[in-house]
Amino acid sequence: MAAGAPANATAPVVMASDTASHATAVPEPVIGATAQRIPPVVRKPQAPRTGASAVIAGLAPVEIAVSGLNKRFGQNVAVADVNLEVRAGSFYGIVGPNGAGKTTTLSMITGLLRPDSGSIQVHGIDVWADPIAAKRTIGVLPDRLRLFDRLTGAQLLYYSGVLRGLESETVRARSADLAAAFGLEDALNRLVADYSAGMTKKIALACAMIHSPRVLVLDEPFESVDPVSAVNVTEILQRYVAAGGTVILSSHGMDLIQRVCDHVAIIVQGSVLAAGTIDEVRGNVSLEERFVDLAGGRKVAEGLEWLHNFSD
Ligand SMILES: Nc1ncnc2c1ncn2[C@@H]1O[C@H](COP(=O)(O)OP(=O)(O)OP(=O)(O)O)[C@@H](O)[C@H]1O
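Let me sum up the structure you'll find in this document. (Residues numbered from 1 in each chain as written. Predicted model: local features only at pLDDT ≥ 70, side-chain atom pairs only at ≥ 80, totals over all residues. Heavy atoms only, no water.)

## Focus on the packing of aromatic side chains
Aromatic rings in a pair are described by how distant their centres are and how their planes are angled relative to each other.
Point 1. For the structure shown, the criterion picks out one aromatic pair.
Point 2. For the pair Y158 and Y159, a centre-to-centre distance of 5.6 Å together with 85 degrees between the ring planes defines the contact as edge-to-face.
Point 3. Residue class for Y159 comes out partly exposed when judged on its relative accessible area of 42%. (Phe/Tyr/Trp six-rings, centres within 6.5 Å; stacked < 30°, edge-to-face > 60°. Buried < 20%, exposed > 50% of the residue type's maximum accessible area, 1.4 Å probe, protein only.)

Structure, rendered in structure tokens:
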């Protein structure tokens, strides 16, 4: 199942597995006289299918399985019974209004925040039962970056790589490649504390990728990133996904999600209200319209008339 929603959710819920179940349907066995003349089909074990079409059809193996996830902070329910299924080779977007529970969900998926209940498997590994093995498969760009920013960019990349068990030569080579890809060559010897917000985001993204993880969990990767860099980063991620990597990211950029992702989940007040392929979720309208509709519609700004009487 691609997603779950509370039983009382008024908005329609799109289930990606609806299409998947048709796509994977096995032909009925032939019964009767004809059956005796046809030799039985011996099914060879099939290699897992990857690629965009396999992801869309729901045939690629499940890479991230989130089931019955809950988290509250005091009386505040941040995440309420979230279910997600992300397939290998998928570019999966999570959208939702401010405070919807996106960061909380992604933090639990990456093992940074302990859920109250529910299970999370990444590449078949239970994130909370076997966190070390699970974390080997994941690259994380967390929200509210807490980087060792008294290091230079080069040092930060180096320590990110060796802490992930890479040889120093490998780290140096990959650091150079990543710096070139993200346009950070000239900044590598400066302190990260002196980076702009967008540069900080890009060096953190490079650190998340340096150990070539199977899965990238990226919390608002495009926030503060300039348009040219965003195109470059998008292309890097698209190639990674085309090679079988899996990306799950949160973003407020509806156009970007609609353009880049194959699947999307809309989270509102901690619950998944819609999930599936982009086309399934948006139906006949744009993803933004669908999102605004599910998030409670547009609010008419009232009570701010004083703002139109300028104080000078
Ligand atoms: N450490 C915390 N302590 C208390 N409440 C928290 C904590 N982290 C998140 N929350 C609350 O949980 C809810 C979900 O927050 P979360 O950061 O997951 O939302 P979000 O969808 O990522 O929002 P945004 O789009 O603004 O980044 C919010 O009500 C938030 O105030």
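Don't stop here, the text continues.
## Describing the pattern of salt bridges
Point 1. Inspection of every chain in the model, using the stated rule, returns seven salt bridges.
Point 2. Here R282 ties to D279 by a salt bridge, and the two come within 3.3 Å at their closest N and O atoms. Taken together, the residues span about one helical turn, with R282 and D279 both in helix α11 (residues 278-282) at a distance of three residues.
Point 3. R282 gets classed as partly exposed once you look at its relative accessible area, which sits at 25%.
Point 4. We classify D279 as exposed; its relative accessible area is 52%.
Point 5. Among the ionic pairs, R290 bridges to D293, the shortest N-O distance being 3.9 Å. Separated by three residues within a single helix, R290 and D293 lie in helix α12 (residues 287-294), roughly one turn from each other.
Point 6. Since its relative accessible area comes to 51%, D293 is described here as exposed. (Salt bridge = Lys/Arg side-chain N within 4 Å of Asp/Glu carboxyl O. Helix = DSSP H or I, 4+ residues; strand = E, 2+ residues; numbered from the N terminus.)

## Focus: a nonpolar patch on the surface
Point 1. A surface patch of nonpolar side chains, amounting to about 330 Å² of accessible area, comprises L304, W306 and L307.
Point 2. Relative to the helices and strands, L304 is located in the segment after α12.
Point 3. Take L304: its relative accessible area is 38%, and that puts it in the partly exposed class. (Patch = residues over 30% accessible without salt bridge, like charges linked within 9 Å, V, L, I, M, F, W, Y side chains within 5 Å. Areas by Shrake-Rupley, 256 points an atom, 1.4 Å probe, with all protein chains shown as cover.)

Honestly, it's all geometry; don't read function into it.
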